[in-house]
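# Summary of structural features
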Amino acid sequence: MIEVKVRYFASLRDAAGTEQETVQTDAGDLAGLYRQLQSRHGFSWPQAHLRVAVADDFAHWDDPLREGSEVAFIPPVSGG
Amino acid sequence: MIEVKVRYFASLRDAAGTEQETVQTDAGDLAGLYRQLQSRHGFSWPQAHLRVAVADDFAHWDDPLREGSEVAFIPPVSGG
Amino acid sequence: MKRFALADSAIDSGALRQALLHPQAGGFASFEGWVRNHNDGRQVRGLRYESYVELAEKEGERIMDEAMQRFDILDLRCSHRIGDLAIGDMAVWVGVSAAHRDAAFTGCRWVIDEVKARVPIWKHEGYIEGDAGWLHPRQAE
Amino acid sequence: MKRFALADSAIDSGALRQALLHPQAGGFASFEGWVRNHNDGRQVRGLRYESYVELAEKEGERIMDEAMQRFDILDLRCSHRIGDLAIGDMAVWVGVSAAHRDAAFTGCRWVIDEVKARVPIWKHEGYIEGDAGWLHPRQAE
(Lines give C-alpha, C1' and ligand atoms only; values in the text may rest on other atoms or scores of the structure.)
Protein backbone atom coordinates (compact mmCIF):
# COMPACT_ATOMS: atom_id res chain seq x y z
CA MET A 1 0.00 0.00 0.00
CA ILE A 2 1.17 3.50 -0.77
CA GLU A 3 -0.21 6.86 0.20
CA VAL A 4 -1.12 9.46 -2.46
CA LYS A 5 -2.85 12.81 -2.38
CA VAL A 6 -5.85 13.25 -4.70
CA ARG A 7 -7.37 16.56 -5.82
CA TYR A 8 -10.86 16.97 -7.27
CA PHE A 9 -12.33 19.77 -9.35
CA ALA A 10 -15.77 21.02 -10.39
CA SER A 11 -18.45 18.29 -10.47
CA LEU A 12 -15.94 15.66 -9.33
CA ARG A 13 -15.28 17.72 -6.21
CA ASP A 14 -19.01 18.04 -5.56
CA ALA A 15 -19.40 14.26 -5.93
CA ALA A 16 -16.40 13.51 -3.70
CA GLY A 17 -17.54 16.08 -1.16
CA THR A 18 -13.96 17.31 -0.77
CA GLU A 19 -11.29 19.26 -2.65
CA GLN A 20 -8.60 16.80 -1.75
CA GLU A 21 -7.99 13.70 0.26
CA THR A 22 -5.16 11.40 1.22
CA VAL A 23 -5.70 7.88 -0.07
CA GLN A 24 -4.10 4.53 0.79
CA THR A 25 -4.03 2.44 -2.33
CA ASP A 26 -2.61 -0.71 -3.86
CA ALA A 27 -3.51 0.42 -7.39
CA GLY A 28 -0.70 -0.13 -9.84
CA ASP A 29 -1.42 2.83 -12.06
CA LEU A 30 -3.56 5.96 -12.32
CA ALA A 31 -6.38 4.10 -14.05
CA GLY A 32 -6.50 1.62 -11.17
CA LEU A 33 -6.61 4.46 -8.66
CA TYR A 34 -9.54 6.07 -10.49
CA ARG A 35 -11.45 2.75 -10.51
CA GLN A 36 -11.05 2.47 -6.73
CA LEU A 37 -12.12 6.07 -6.08
CA GLN A 38 -14.96 5.86 -8.58
CA SER A 39 -16.42 2.93 -6.71
CA ARG A 40 -15.86 4.58 -3.31
CA HIS A 41 -17.44 7.97 -4.26
CA GLY A 42 -19.85 6.85 -6.96
CA PHE A 43 -18.38 9.10 -9.66
CA SER A 44 -20.50 8.98 -12.79
CA TRP A 45 -17.65 9.93 -15.12
CA PRO A 46 -16.22 7.07 -17.17
CA GLN A 47 -12.43 7.27 -17.20
CA ALA A 48 -12.42 7.91 -20.97
CA HIS A 49 -14.05 11.32 -20.43
CA LEU A 50 -11.48 12.49 -17.91
CA ARG A 51 -7.85 13.51 -18.02
CA VAL A 52 -5.41 12.90 -15.24
CA ALA A 53 -2.52 14.95 -13.86
CA VAL A 54 0.37 14.16 -11.53
CA ALA A 55 2.41 16.86 -9.82
CA ASP A 56 0.51 19.56 -11.71
CA ASP A 57 1.13 18.22 -15.18
CA PHE A 58 -0.84 15.98 -17.50
CA ALA A 59 -0.07 12.29 -17.09
CA HIS A 60 -1.06 9.00 -18.74
CA TRP A 61 -3.58 6.62 -17.24
CA ASP A 62 -1.04 3.79 -17.34
CA ASP A 63 1.65 5.79 -15.50
CA PRO A 64 2.60 3.95 -12.27
CA LEU A 65 1.59 5.38 -8.90
CA ARG A 66 4.37 6.44 -6.54
CA GLU A 67 4.34 7.06 -2.79
CA GLY A 68 3.45 10.69 -2.17
CA SER A 69 2.22 11.41 -5.70
CA GLU A 70 -0.24 14.27 -6.02
CA VAL A 71 -2.90 13.14 -8.46
CA ALA A 72 -5.74 15.21 -9.98
CA PHE A 73 -8.70 13.98 -12.01
CA ILE A 74 -9.86 16.50 -14.58
CA PRO A 75 -13.41 16.52 -15.92
CA PRO A 76 -14.10 18.07 -19.35
CA VAL A 77 -13.15 21.73 -19.22
CA SER A 78 -15.46 24.66 -19.99
CA GLY A 79 -13.43 27.85 -19.91
CA GLY A 80 -13.76 30.68 -22.42
CA MET B 1 -21.38 69.78 -75.73
CA ILE B 2 -22.32 69.45 -72.07
CA GLU B 3 -20.57 70.63 -68.94
CA VAL B 4 -19.65 68.20 -66.15
CA LYS B 5 -17.65 68.45 -62.95
CA VAL B 6 -14.82 65.97 -62.48
CA ARG B 7 -13.13 65.05 -59.17
CA TYR B 8 -9.75 63.36 -58.85
CA PHE B 9 -8.22 61.46 -55.95
CA ALA B 10 -4.78 60.26 -54.86
CA SER B 11 -2.35 59.71 -57.75
CA LEU B 12 -4.95 60.78 -60.32
CA ARG B 13 -5.22 64.13 -58.55
CA ASP B 14 -1.45 64.50 -58.58
CA ALA B 15 -1.40 63.70 -62.31
CA ALA B 16 -4.24 66.10 -63.08
CA GLY B 17 -2.71 68.80 -60.88
CA THR B 18 -6.14 69.60 -59.45
CA GLU B 19 -8.78 68.15 -57.14
CA GLN B 20 -11.57 69.01 -59.49
CA GLU B 21 -12.30 70.73 -62.74
CA THR B 22 -15.22 71.68 -64.93
CA VAL B 23 -15.06 70.03 -68.33
CA GLN B 24 -16.87 70.68 -71.63
CA THR B 25 -17.31 67.36 -73.37
CA ASP B 26 -19.11 65.64 -76.21
CA ALA B 27 -18.39 62.18 -74.77
CA GLY B 28 -21.43 59.93 -74.83
CA ASP B 29 -20.62 57.97 -71.69
CA LEU B 30 -18.25 57.84 -68.74
CA ALA B 31 -15.74 55.69 -70.59
CA GLY B 32 -15.58 58.29 -73.36
CA LEU B 33 -15.07 61.07 -70.83
CA TYR B 34 -12.18 59.17 -69.26
CA ARG B 35 -10.53 58.64 -72.65
CA GLN B 36 -10.67 62.39 -73.33
CA LEU B 37 -9.26 63.32 -69.91
CA GLN B 38 -6.65 60.59 -70.04
CA SER B 39 -5.31 62.03 -73.26
CA ARG B 40 -5.45 65.62 -71.94
CA HIS B 41 -3.69 64.89 -68.62
CA GLY B 42 -1.59 61.90 -69.61
CA PHE B 43 -3.08 59.58 -66.98
CA SER B 44 -1.21 56.28 -66.89
CA TRP B 45 -4.14 54.29 -65.49
CA PRO B 46 -5.94 52.09 -68.02
CA GLN B 47 -9.68 52.41 -67.52
CA ALA B 48 -9.93 48.73 -66.49
CA HIS B 49 -8.01 49.49 -63.29
CA LEU B 50 -10.28 52.32 -62.21
CA ARG B 51 -13.80 52.60 -60.91
CA VAL B 52 -16.07 55.52 -61.65
CA ALA B 53 -18.68 57.33 -59.56
CA VAL B 54 -21.44 59.80 -60.39
CA ALA B 55 -23.13 61.94 -57.74
CA ASP B 56 -21.16 60.17 -55.00
CA ASP B 57 -22.14 56.66 -55.90
CA PHE B 58 -20.53 53.96 -58.01
CA ALA B 59 -21.56 54.05 -61.66
CA HIS B 60 -20.97 51.99 -64.83
CA TRP B 61 -18.57 53.02 -67.54
CA ASP B 62 -21.32 52.86 -70.15
CA ASP B 63 -23.68 55.12 -68.16
CA PRO B 64 -24.54 58.20 -70.26
CA LEU B 65 -23.17 61.62 -69.30
CA ARG B 66 -25.66 64.29 -68.32
CA GLU B 67 -25.32 68.07 -68.08
CA GLY B 68 -24.08 69.00 -64.62
CA SER B 69 -23.06 65.46 -63.63
CA GLU B 70 -20.40 65.23 -60.93
CA VAL B 71 -18.03 62.46 -61.97
CA ALA B 72 -15.16 60.94 -59.95
CA PHE B 73 -12.47 58.56 -61.16
CA ILE B 74 -11.32 56.16 -58.47
CA PRO B 75 -7.88 54.54 -58.56
CA PRO B 76 -7.33 51.23 -56.70
CA VAL B 77 -7.99 51.81 -53.02
CA SER B 78 -5.52 51.17 -50.18
CA GLY B 79 -7.28 51.73 -46.88
CA GLY B 80 -6.90 49.48 -43.84
CA MET C 1 -27.81 54.69 -36.86
CA LYS C 2 -24.39 54.84 -38.45
CA ARG C 3 -22.01 51.93 -37.85
CA PHE C 4 -19.19 53.12 -40.12
CA ALA C 5 -17.25 56.34 -39.69
CA LEU C 6 -14.25 58.17 -41.04
CA ALA C 7 -12.24 59.75 -38.23
CA ASP C 8 -9.95 62.76 -38.69
CA SER C 9 -8.46 62.33 -35.21
CA ALA C 10 -7.53 59.35 -33.01
CA ILE C 11 -10.14 56.56 -33.06
CA ASP C 12 -11.85 56.12 -29.67
CA SER C 13 -12.08 52.33 -29.74
CA GLY C 14 -13.31 52.19 -26.15
CA ALA C 15 -16.45 54.10 -27.04
CA LEU C 16 -17.03 51.99 -30.15
CA ARG C 17 -16.66 48.77 -28.16
CA GLN C 18 -19.02 50.13 -25.49
CA ALA C 19 -21.76 50.44 -28.10
CA LEU C 20 -21.50 46.71 -28.81
CA LEU C 21 -22.06 45.44 -25.26
CA HIS C 22 -25.20 43.35 -25.30
CA PRO C 23 -26.59 40.89 -22.72
CA GLN C 24 -26.95 38.24 -25.44
CA ALA C 25 -23.35 38.68 -26.61
CA GLY C 26 -20.97 35.86 -25.72
CA GLY C 27 -18.16 36.79 -28.07
CA PHE C 28 -16.56 39.99 -29.28
CA ALA C 29 -13.90 40.00 -32.01
CA SER C 30 -12.02 43.11 -33.00
CA PHE C 31 -9.31 44.06 -35.41
CA GLU C 32 -7.01 47.08 -35.42
CA GLY C 33 -4.83 48.12 -38.30
CA TRP C 34 -1.67 49.84 -37.04
CA VAL C 35 0.78 51.92 -39.06
CA ARG C 36 3.86 49.74 -39.29
CA ASN C 37 7.42 50.86 -39.90
CA HIS C 38 7.91 48.87 -43.09
CA ASN C 39 6.00 48.01 -46.25
CA ASP C 40 7.11 46.08 -49.29
CA GLY C 41 10.69 46.11 -48.06
CA ARG C 42 10.86 49.87 -47.49
CA GLN C 43 11.23 51.72 -44.18
CA VAL C 44 8.14 53.83 -43.57
CA ARG C 45 8.30 57.16 -41.74
CA GLY C 46 4.60 57.89 -41.57
CA LEU C 47 1.57 58.11 -43.78
CA ARG C 48 -1.48 60.00 -44.78
CA TYR C 49 -4.90 58.61 -45.63
CA GLU C 50 -7.03 60.47 -48.12
CA SER C 51 -10.63 59.60 -48.82
CA TYR C 52 -13.48 60.31 -51.19
CA VAL C 53 -15.50 61.07 -48.06
CA GLU C 54 -19.05 61.11 -49.44
CA LEU C 55 -18.67 57.78 -51.20
CA ALA C 56 -16.50 56.17 -48.50
CA GLU C 57 -19.17 56.80 -45.86
CA LYS C 58 -21.87 55.30 -48.08
CA GLU C 59 -19.83 52.28 -49.08
CA GLY C 60 -18.62 51.70 -45.52
CA GLU C 61 -22.21 51.72 -44.28
CA ARG C 62 -23.22 49.28 -47.01
CA ILE C 63 -20.52 46.89 -45.77
CA MET C 64 -21.92 47.17 -42.24
CA ASP C 65 -25.45 46.41 -43.48
CA GLU C 66 -24.24 43.47 -45.55
CA ALA C 67 -22.36 42.04 -42.56
CA MET C 68 -25.50 42.26 -40.40
CA GLN C 69 -27.38 40.28 -43.07
CA ARG C 70 -24.64 37.81 -43.84
CA PHE C 71 -23.50 36.74 -40.36
CA ASP C 72 -25.25 35.72 -37.16
CA ILE C 73 -23.96 38.76 -35.27
CA LEU C 74 -25.57 41.17 -32.83
CA ASP C 75 -23.88 44.42 -33.83
CA LEU C 76 -20.69 45.91 -35.26
CA ARG C 77 -18.77 49.14 -35.79
CA CYS C 78 -15.91 50.25 -37.99
CA SER C 79 -13.93 53.46 -37.98
CA HIS C 80 -11.14 54.43 -40.39
CA ARG C 81 -8.67 57.26 -39.90
CA ILE C 82 -8.00 59.89 -42.51
CA GLY C 83 -5.23 62.49 -42.37
CA ASP C 84 -1.65 62.19 -41.10
CA LEU C 85 -0.61 59.15 -39.05
CA ALA C 86 2.64 58.14 -37.35
CA ILE C 87 4.13 54.67 -36.81
CA GLY C 88 2.01 52.79 -34.28
CA ASP C 89 -1.11 54.89 -34.81
CA MET C 90 -4.39 53.07 -35.24
CA ALA C 91 -5.51 53.33 -38.86
CA VAL C 92 -8.69 51.29 -38.68
CA TRP C 93 -10.80 49.57 -36.03
CA VAL C 94 -13.45 46.89 -36.52
CA GLY C 95 -15.46 45.34 -33.69
CA VAL C 96 -18.19 42.70 -33.87
CA SER C 97 -20.31 41.20 -31.09
CA ALA C 98 -22.22 37.94 -31.46
CA ALA C 99 -23.79 35.21 -29.35
CA HIS C 100 -21.00 32.84 -30.43
CA ARG C 101 -17.37 33.39 -31.29
CA ASP C 102 -17.43 31.83 -34.73
CA ALA C 103 -19.73 34.50 -36.18
CA ALA C 104 -17.83 37.27 -34.39
CA PHE C 105 -14.49 36.19 -35.90
CA THR C 106 -15.86 35.49 -39.37
CA GLY C 107 -17.79 38.76 -39.50
CA CYS C 108 -14.84 40.81 -38.26
CA ARG C 109 -12.48 39.30 -40.82
CA TRP C 110 -14.98 39.77 -43.63
CA VAL C 111 -15.52 43.44 -42.75
CA ILE C 112 -11.84 44.41 -42.75
CA ASP C 113 -11.32 42.57 -46.05
CA GLU C 114 -14.28 44.36 -47.65
CA VAL C 115 -13.26 47.75 -46.28
CA LYS C 116 -9.78 47.34 -47.72
CA ALA C 117 -11.15 46.24 -51.09
CA ARG C 118 -14.11 48.56 -51.55
CA VAL C 119 -13.96 51.80 -49.54
CA PRO C 120 -12.36 54.72 -51.43
CA ILE C 121 -9.48 55.49 -49.08
CA TRP C 122 -5.89 55.83 -50.26
CA LYS C 123 -2.64 55.50 -48.37
CA HIS C 124 0.18 57.94 -49.09
CA GLU C 125 3.37 56.55 -47.55
CA GLY C 126 6.43 58.61 -46.63
CA TYR C 127 9.74 56.73 -46.56
CA ILE C 128 12.83 57.37 -44.46
CA GLU C 129 14.76 58.31 -47.59
CA GLY C 130 12.43 61.32 -47.86
CA ASP C 131 10.34 60.27 -50.85
CA ALA C 132 6.68 59.40 -50.71
CA GLY C 133 4.07 57.75 -52.86
CA TRP C 134 0.51 56.56 -53.24
CA LEU C 135 -0.34 52.92 -52.71
CA HIS C 136 -2.61 51.64 -55.43
CA PRO C 137 -2.66 47.86 -55.18
CA ARG C 138 -4.10 46.05 -58.16
CA GLN C 139 -7.64 45.00 -57.40
CA ALA C 140 -8.78 41.43 -57.84
CA GLU C 141 -10.18 41.55 -61.36
CA MET D 1 7.97 36.44 -19.53
CA LYS D 2 4.45 35.12 -18.99
CA ARG D 3 1.90 35.64 -21.76
CA PHE D 4 -0.97 33.74 -20.16
CA ALA D 5 -2.59 34.65 -16.86
CA LEU D 6 -5.53 33.74 -14.68
CA ALA D 7 -7.20 36.85 -13.24
CA ASP D 8 -9.26 36.88 -10.07
CA SER D 9 -10.52 40.40 -10.73
CA ALA D 10 -11.55 42.36 -13.86
CA ILE D 11 -9.19 41.82 -16.80
CA ASP D 12 -7.28 45.00 -17.72
CA SER D 13 -7.36 44.53 -21.49
CA GLY D 14 -5.88 47.98 -22.10
CA ALA D 15 -2.66 47.03 -20.34
CA LEU D 16 -2.48 43.68 -22.15
CA ARG D 17 -2.97 45.38 -25.50
CA GLN D 18 -0.33 47.96 -24.64
CA ALA D 19 2.24 45.18 -24.24
CA LEU D 20 1.62 44.12 -27.85
CA LEU D 21 2.34 47.47 -29.52
CA HIS D 22 5.29 46.95 -31.83
CA PRO D 23 6.66 49.16 -34.63
CA GLN D 24 6.59 46.17 -37.00
CA ALA D 25 2.97 45.36 -36.18
CA GLY D 26 0.43 46.15 -38.89
CA GLY D 27 -2.45 44.13 -37.53
CA PHE D 28 -3.87 43.38 -34.11
CA ALA D 29 -6.71 40.90 -33.61
CA SER D 30 -8.39 40.40 -30.29
CA PHE D 31 -11.19 38.32 -28.89
CA GLU D 32 -13.22 38.80 -25.72
CA GLY D 33 -15.53 36.23 -24.22
CA TRP D 34 -18.42 37.90 -22.40
CA VAL D 35 -20.84 36.31 -19.97
CA ARG D 36 -24.11 36.12 -21.87
CA ASN D 37 -27.59 35.91 -20.41
CA HIS D 38 -28.47 32.58 -22.01
CA ASN D 39 -26.90 29.21 -22.67
CA ASP D 40 -28.40 26.09 -24.20
CA GLY D 41 -31.85 27.61 -24.01
CA ARG D 42 -31.66 28.57 -20.34
CA GLN D 43 -31.62 32.07 -18.82
CA VAL D 44 -28.32 32.63 -17.03
CA ARG D 45 -28.08 34.79 -13.91
CA GLY D 46 -24.33 34.72 -13.49
CA LEU D 47 -21.47 32.30 -13.26
CA ARG D 48 -18.34 31.24 -11.50
CA TYR D 49 -15.12 29.97 -13.03
CA GLU D 50 -13.03 27.53 -11.09
CA SER D 51 -9.57 26.47 -12.15
CA TYR D 52 -6.85 23.97 -11.42
CA VAL D 53 -4.57 26.97 -11.14
CA GLU D 54 -1.12 25.34 -11.24
CA LEU D 55 -1.90 23.27 -14.33
CA ALA D 56 -4.00 25.96 -16.03
CA GLU D 57 -1.10 28.42 -15.88
CA LYS D 58 1.29 25.85 -17.34
CA GLU D 59 -1.06 24.71 -20.09
CA GLY D 60 -2.04 28.30 -20.94
CA GLU D 61 1.60 29.24 -21.31
CA ARG D 62 2.22 26.19 -23.53
CA ILE D 63 -0.59 27.40 -25.81
CA MET D 64 1.09 30.83 -26.01
CA ASP D 65 4.45 29.22 -26.90
CA GLU D 66 2.86 26.97 -29.51
CA ALA D 67 1.09 29.95 -31.10
CA MET D 68 4.40 31.86 -31.35
CA GLN D 69 5.90 28.86 -33.17
CA ARG D 70 2.91 28.07 -35.34
CA PHE D 71 1.95 31.51 -36.67
CA ASP D 72 3.83 34.45 -38.15
CA ILE D 73 2.93 36.72 -35.25
CA LEU D 74 4.90 39.25 -33.22
CA ASP D 75 3.42 38.72 -29.77
CA LEU D 76 0.28 37.69 -27.93
CA ARG D 77 -1.40 37.67 -24.52
CA CYS D 78 -4.30 35.82 -22.97
CA SER D 79 -6.02 36.33 -19.64
CA HIS D 80 -8.88 34.25 -18.22
CA ARG D 81 -11.08 35.22 -15.28
CA ILE D 82 -11.71 32.96 -12.33
CA GLY D 83 -14.24 33.58 -9.56
CA ASP D 84 -17.72 35.10 -9.74
CA LEU D 85 -18.86 36.93 -12.90
CA ALA D 86 -22.06 38.76 -13.82
CA ILE D 87 -23.80 39.08 -17.21
CA GLY D 88 -21.66 41.23 -19.49
CA ASP D 89 -18.40 40.66 -17.60
CA MET D 90 -15.32 39.78 -19.62
CA ALA D 91 -14.46 36.11 -19.05
CA VAL D 92 -11.44 35.84 -21.33
CA TRP D 93 -9.30 38.14 -23.46
CA VAL D 94 -6.93 37.15 -26.27
CA GLY D 95 -4.83 39.64 -28.26
CA VAL D 96 -2.36 38.97 -31.07
CA SER D 97 -0.17 41.40 -32.99
CA ALA D 98 1.44 40.57 -36.34
CA ALA D 99 2.91 42.27 -39.38
CA HIS D 100 -0.13 41.18 -41.40
CA ARG D 101 -3.76 40.67 -40.48
CA ASP D 102 -4.07 37.10 -41.68
CA ALA D 103 -1.67 35.73 -39.05
CA ALA D 104 -3.20 37.96 -36.36
CA PHE D 105 -6.72 36.62 -37.01
CA THR D 106 -5.67 32.99 -37.44
CA GLY D 107 -3.49 33.04 -34.34
CA CYS D 108 -6.16 34.71 -32.21
CA ARG D 109 -8.80 32.22 -33.27
CA TRP D 110 -6.50 29.26 -32.68
CA VAL D 111 -5.62 30.47 -29.18
CA ILE D 112 -9.18 30.86 -27.95
CA ASP D 113 -10.10 27.45 -29.38
CA GLU D 114 -7.13 25.80 -27.66
CA VAL D 115 -7.75 27.58 -24.36
CA LYS D 116 -11.35 26.40 -24.35
CA ALA D 117 -10.33 22.85 -25.19
CA ARG D 118 -7.24 22.38 -23.05
CA VAL D 119 -6.96 24.69 -20.06
CA PRO D 120 -8.45 23.24 -16.85
CA ILE D 121 -11.07 25.88 -16.11
CA TRP D 122 -14.69 25.04 -15.38
CA LYS D 123 -17.82 27.14 -15.66
CA HIS D 124 -20.47 26.91 -12.98
CA GLU D 125 -23.64 28.57 -14.27
CA GLY D 126 -26.44 29.92 -12.11
CA TYR D 127 -29.90 30.08 -13.73
CA ILE D 128 -32.76 32.48 -13.08
CA GLU D 129 -34.83 29.61 -11.67
CA GLY D 130 -32.30 29.47 -8.83
CA ASP D 131 -30.53 26.23 -9.71
CA ALA D 132 -26.93 25.98 -10.87
CA GLY D 133 -24.64 23.46 -12.48
CA TRP D 134 -21.22 22.68 -13.85
CA LEU D 135 -20.64 22.78 -17.58
CA HIS D 136 -18.69 19.76 -18.74
CA PRO D 137 -18.93 19.63 -22.52
CA ARG D 138 -17.88 16.35 -24.09
CA GLN D 139 -14.37 16.71 -25.49
CA ALA D 140 -13.56 15.78 -29.05
CA GLU D 141 -12.44 12.18 -28.64
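Because the structure is a prediction, the values reported are computed rather than measured.

Definitions and limits used
- Residues numbered from 1 in each chain as written.
- Chains lettered and ligands numbered in written order.
- Predicted model: local features only at pLDDT ≥ 70, side-chain atom pairs only at ≥ 80, totals over all residues.
- Heavy atoms only, no water.
- Contact = heavy atoms within 4.5 Å.
- Buried area = accessible area lost by both parts, 1.4 Å probe.
- Salt bridge = Lys/Arg side-chain N within 4 Å of Asp/Glu carboxyl O.
- Polar contact = N/O pair within 3.5 Å; in protein donor to acceptor, adjacent residues only side chain to side chain.
- Helix = DSSP H or I, 4+ residues; strand = E, 2+ residues; numbered from the N terminus.
- Nonpolar A, V, L, I, M, F, W, Y, C, P; charged D, E, K, R; others polar.
- Pairing = 2+ DSSP bridges.
- Disulfide = S-S within 2.5 Å.
- Phe/Tyr/Trp six-rings, centres within 6.5 Å; stacked < 30°, edge-to-face > 60°.
- Buried < 20%, exposed > 50% of the residue type's maximum accessible area, 1.4 Å probe, protein only.
- Least-squares fit on C-alpha atoms with pLDDT ≥ 70 in both.
- Axes fitted to C-alpha atoms, helices over the stretch in contact; angles between N-to-C directions.

To continue, consider the interface of chain D and chain C. Contacts between the two partners involve 33 residues from chain D, matched on the other side by 33 residues from chain C. For the pair chain D and chain C, the two sides together bury roughly 2900 Å², of which 56% comes from carbon and sulfur. A per-residue breakdown of the area chain D buries against chain C is headed by D:Trp34, D:Arg101 and D:Phe105, which together make up 28% of the total. Our count for the contact surface shared by chain D and chain C stands at six salt bridges. In this structure, D:Arg101 and C:Asp113 form a salt bridge, with 2.9 Å as the shortest nitrogen-oxygen distance. Counting the contacts that link chain D with chain C gives 17 residue pairs in polar contact (both at pLDDT 80 or more). Among the secondary structure elements, those contributing two or more residues to the side of chain D that touches chain C are β2 (27–34), β7 (90–98) and α3 (101–118) of chain D. Taken together, the residues of the side of chain D that touches chain C sort by class into 15 nonpolar, 10 polar and eight charged. One ladder, built from seven bridges, connects strand β2 (residues 27–34) of chain C with β2(D); its direction is antiparallel. Residue C:Gly27 lies in a different strand from β2(D), and its bridge partner there is D:Gly33.

In this structure, B:Gly68 sits in the loop between β4 (57–59) and β5 (70–74). Remark: the alpha-carbon pair of B:Gly68 and B:Val6, spanning 62 residues in sequence, is separated by 10.0 Å.

What follows is about the state of the cysteines. Per the counting criterion, the structure on display carries zero disulfides over all chains. Of the cysteine sulfurs around C:Cys108, a residue in no disulfide, the closest is that of C:Cys78, at 8.9 Å.

Here the focus is the pattern of salt bridges. Enumeration according to the criterion identifies 41 salt bridges over all chains in this entry. Residue A:Asp57 is joined to D:Arg62 by a salt bridge in which the shortest nitrogen-to-oxygen separation is 2.8 Å. Highlighted residues: A:Asp57 in strand β4 (residues 57–59) and D:Arg62 in helix α2 (residues 53–70), drawn from two different chains.

Right, let's talk about the packing of aromatic side chains for a bit. Within this structure, the stated rule accounts for 22 aromatic pairs over all chains. Seen in terms of ring centroids, B:Tyr8 and B:Phe43 are 5.5 Å apart; in terms of plane orientation they differ by 65°. Their pairing is edge-to-face. Here B:Tyr8, found in strand β1 (residues 2–8), pairs with B:Phe43, found in the loop between α2 (30–41) and β3 (51–54); they are 35 residues apart in sequence, far enough to count as distant. An identical accessibility class is assigned to B:Tyr8 and B:Phe43; each is buried. Seen from their ring centres, C:Phe28 and C:Trp93 are 6.3 Å apart, and the 35° between their planes marks the pair as tilted.

Here we come to the relation of the copies chain D and chain C. Superposition of chain D onto chain C requires a rotation of 180° combined with a translation of 0.0 Å along the rotation axis, giving an RMSD of 0.0 Å. A rotation of that kind, with that shift, is consistent with a two-fold axis. Closest approach to the rotation axis within chain D is made by the C-alpha atom of D:Ser30, at a distance of 2.6 Å.

This next bit is on the interface of chain C and chain B. Across the boundary between the two partners, chain C contributes 27 residues, which contact 22 residues of chain B. The junction of chain C with chain B conceals about 2200 Å² of combined surface from both sides, 54% of it contributed by carbon and sulfur atoms. Considering only the side of chain C, the residues that lose the most area to chain B are C:Tyr52, C:Trp122 and C:His136, jointly responsible for 27% of the buried surface there. Here chain C and chain B share four salt bridges between them. We note a salt bridge from C:Lys58 to B:Asp57, for which the minimum N-O separation is 3.9 Å. Our count for the contact surface shared by chain C and chain B stands at 17 residue pairs in polar contact (both at pLDDT 80 or more). Elements with a minimum of two residues in the side of chain C that touches chain B: β4 (42–51), α2 (53–70), α3 (101–118), β8 (121–127) and β9 (132–135) of chain C. Take the side of chain C that touches chain B: its biggest share by element is five residues, from α2(C). Residues belonging to the side of chain C that touches chain B are distributed by class as follows: 12 nonpolar, four polar and 11 charged.

If you rank the three pairs of chains in contact by how many contacts each has, first place goes to chains C and D. Taking C-alpha atoms only, the smallest gap left between chain A and chain B, which are not in contact, amounts to 29 Å. Of all C-alpha pairs spanning chain A and chain C, none lies closer than 9 Å, and the two are not in contact.

One open sheet holds the eight strands; their spatial order is β1(C)-β5(C)-β7(C)-β2(C)-β2(D)-β7(D)-β5(D)-β1(D), and the pairing between them is mixed. Edge positions in the sheet fall to β1 (4–7) of chain C together with β1 (4–7) of chain D, since each of these pairs with one other strand and no more. Averaged over all adjacent pairs, the angle separating strand axes in this sheet is 10°, with direction ignored. Looking at chain direction, β2(D) and β7(D) are connected through eight bridges and run antiparallel. Within β7(D), the residue paired with D:Gly33 across the bridge is D:Val92. On top of the sheet, α2(C) reaches β1 and β5 (75–81) of chain C; it is set at about 145° to β1(C), its chief contact.

Don't take any of this as a statement about function, it's just geometry.
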